[in-house]
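# Fold and contact review
Chain by chain, the residues:
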Amino acid sequence: MSRSAHPAGPRHADVLTEGHYSAPPTDLNALDPKVWSRTVTRTPDGQVTVGGIEVARLAEEFGTPAYFLDEADFRARCQAWRDAFGPDADVFYAGKAFLSRAVVRWLHEEGLNLDVCSAGELTTALDAGMPAERIALHGNNKTPEEIERAVAAGVGHIVLDSFQEIVRVAHIADRLGKRQRVQIRVTVGVEAHTHEFIATAHEDQKFGIALAGGEAAEAVRRALKLDGLELVGIHSHIGSQIFDTAGFEVAARRVVALLAEIRDEHGVELPEIDLGGGLGIAYTSDDDPAEPHDIANSLREIVTRECAASKLRTPRISVEPGRAIVGPTAFTLYEVGTIKPLEGLRTYVSVDGGMSDNIRTALYDAEYSVALVSRSSDAEPMLVRVVGKHCESGDIVVRDAFLPADLAPGDLIAVPATGAYCRSMASNYNHALRPPVVAVKDGAGRVIVRRETEEDLLRLDVG
Ligand SMILES: Cc1ncc(COP(=O)(O)O)c(C=O)c1O
Ligand SMILES: N[C@@H](CCCC[NH3+])C(=O)O
């Protein structure tokens, strides 16, 4: 997080020292390829295009606010993950980041598997034709109905998250006359360097079963005794938006150590380990995410080395990237409304969306970038806060950024890297209509999730 001040920014010293912003970019028209999806470019006339279409045309056809998802980029990222991990490993896309039937079909075509964590995600996956054996069901509190639907559908894996769930899944599988393949999710005790709300491998939280104190070993003992379960592996997910790969490496080492313990105690070598998702992406130019092949190489090397040292056969590795695949592939397009300069502070730029389409800034203090995309401008940089239209002063989309000082109502601005956890965490606060997701490719946009309508709101309100 860069907190450097800039002399051309606001005048008050407290704002200068407390701001999140870096120095204004030397060229406000430049689009950093780290934060924008692959096919985004600015044409010589100043307009930004994605998938070969100008944003102004997209706004005209699909309205604003809207998420525009670069399908070619999504597919390329799937391929990069697949190629990096190779045929001896599995890549499960984490559907919680963003899921729709079109996305499921792309994943299927690109050879990825899918991690779901609710009945709704499971239904979407099955309806779009993802083979059940390529689906894993997660969740710290799967309902009996969810478990039953997953077992009956024949999902490839259920990731067990608690002692009670071990028994629940075994009973349901017994009743359905099935033997369910399962992994046990463990917490490895790593403090992931990310926001505390999205760190998941320390012991004091709701997910998984602790390695510490022999809890995970006890869970394995119980699972191995139950006929309804086929225990095939151990799962670890250390958190989300993580840049430092050291945490994954420590997790891999600890999971392999548990496999060795299991072999010594039970004479069983579990054939799989899943190291979860969590790889960070660039939201601003200050972020430097790892590449899939670097993370694949380092995980493979550690697992192979640690297994050799313990004389274990190397298990099949799987990973569950969500954000790293879909995050960078989309931007949110907004129309600028009210512009309010606060003398000596900053300029508030209000857009036609807000915390209902991107809760991450309010929830995690997340940082985003923003650019004027309907035209270029040579005006001076102006320090702005991009805010939404909700009745909440925390309704901030981009806390600190620079836009050209000639910004005017009606301009289109876009916030990149909103493909993950924006539409999927969107809300109807203030009866906002959740924006559509438009897939853009080869000069055409196609709605894959439609915009909500006032009729949708009234239909839910049955009173
Ligand atoms: C079990 C599990 N797998 C995968 C993911 C995906 O994480 P990310 O989108 O950060 O890759 C999550 C979310 O943090 C998760 O809880
Ligand atoms: N929703 C979070 C990440 C949680 C990931 C799911 N376990 C985010 O936007 O960063």
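This structure is a prediction, so every number in the text was calculated from the model and none was measured. (Residues numbered from 1 in each chain as written. Chains lettered and ligands numbered in written order. Predicted model: local features only at pLDDT ≥ 70, side-chain atom pairs only at ≥ 80, totals over all residues. Heavy atoms only, no water.)

Let us look at the UniProt feature "active site" (unreviewed entry) in the protein. In the numbering used here, UniProt assigns the feature "active site" (unreviewed entry) to Cys 391. Among the structural elements, Cys 391 can be located in the loop between strand E17 (381-387) and strand E18 (396-404). In this view, Cys 391 contacts Tyr 429 and Asn 430; residues no more than four positions away in its chain are not counted. (UniProt positions renumbered as here; feature names shortened; annotations may be inferred. Helix = DSSP H or I, 4+ residues; strand = E, 2+ residues; numbered from the N terminus. Contact = heavy atoms within 4.5 Å.)

A few words now on the site of ligand 2. Residues in contact with ligand 2 amount to eight residues; listed here are only the nearest, Arg 323, Arg 360, Tyr 364, Tyr 421 and Met 425. Arg 360 is positioned such that a nitrogen or oxygen atom in its side chain is 2.5 Å from an oxygen atom of ligand 2. Within the contact set of ligand 2, a nitrogen atom lies 2.9 Å away from a side-chain nitrogen or oxygen of Tyr 364. For ligand 2, whose unbound accessible area comes to 310 Å², protein coverage reaches 84%. (Near = heavy atom within 4 Å. Polar contact = N/O pair within 3.5 Å; in protein donor to acceptor, adjacent residues only side chain to side chain. Areas by Shrake-Rupley, 256 points an atom, 1.4 Å probe, with all protein chains shown as cover.)

Attention now goes to the site of ligand 1. Close contacts around ligand 1 come from 14 residues, with His 237, Ser 240, Gly 278, Glu 320 and Tyr 421 the closest. One of the side-chain nitrogen or oxygen atoms of Asp 115 is found 3.4 Å away from a nitrogen atom of ligand 1. Arg 323 places a polar main-chain atom, nitrogen or oxygen, 2.8 Å from an oxygen atom of ligand 1. In isolation ligand 1 exposes 390 Å². Once the protein is present, 93% of that is buried. Residue classes in the shell around ligand 1 are distributed as three nonpolar, six polar and five charged. (Nonpolar A, V, L, I, M, F, W, Y, C, P; charged D, E, K, R; others polar.)

Another aspect to go through is the UniProt feature "domain: Orn/DAP/Arg decarboxylase 2 C-terminal" (unreviewed entry) in the protein. With numbering aligned to this structure, UniProt lists the feature "domain: Orn/DAP/Arg decarboxylase 2 C-terminal" (unreviewed entry) at residues 332-419. Helix makes up 6% of residues 332-419 and strand 43%, and the two end C-alpha atoms of the span are 8 Å apart.

Looking at where Ala 84 falls in the secondary structure, it is placed in helix H3 (residues 71-85). Given the relative accessible area of 9%, Ala 84 is considered buried. Expressed as a C-alpha distance, the spacing of Ala 84 and His 237, which sit 153 residues apart in the sequence, is 19 Å. When near neighbours in sequence (up to four residues on either side) are disregarded, Ala 84 contacts Pro 292, His 293, Ala 296 and Arg 300. (Buried < 20%, exposed > 50% of the residue type's maximum accessible area, 1.4 Å probe, protein only.)

Let us look at helix H5 (residues 119-127). By the burial criterion, the buried members of H5 are Ala 119, Glu 121, Leu 122 and Ala 125. Along the axis of H5, the buried residues cluster in a sector spanning 160°; they form a single face. On its buried face, H5 is in contact with helix H4 (101-109), strand E6 (113-116), strand E7 (135-137) and helix H6 (144-153). The first or second residue beyond H5 is Gly 129, which carries a positive phi of 95°. (Arc of directions from axis to C-beta.)

To continue, consider the sheet that holds strand E3 (residues 53-54). Judged by pairing direction, the sheet is antiparallel, and its three strands sit side by side in the order E1-E2-E3 without closing on themselves. What marks the edges here is a single partner per strand, and that holds for strand E1 (41-42) and E3. (Pairing = 2+ DSSP bridges.)

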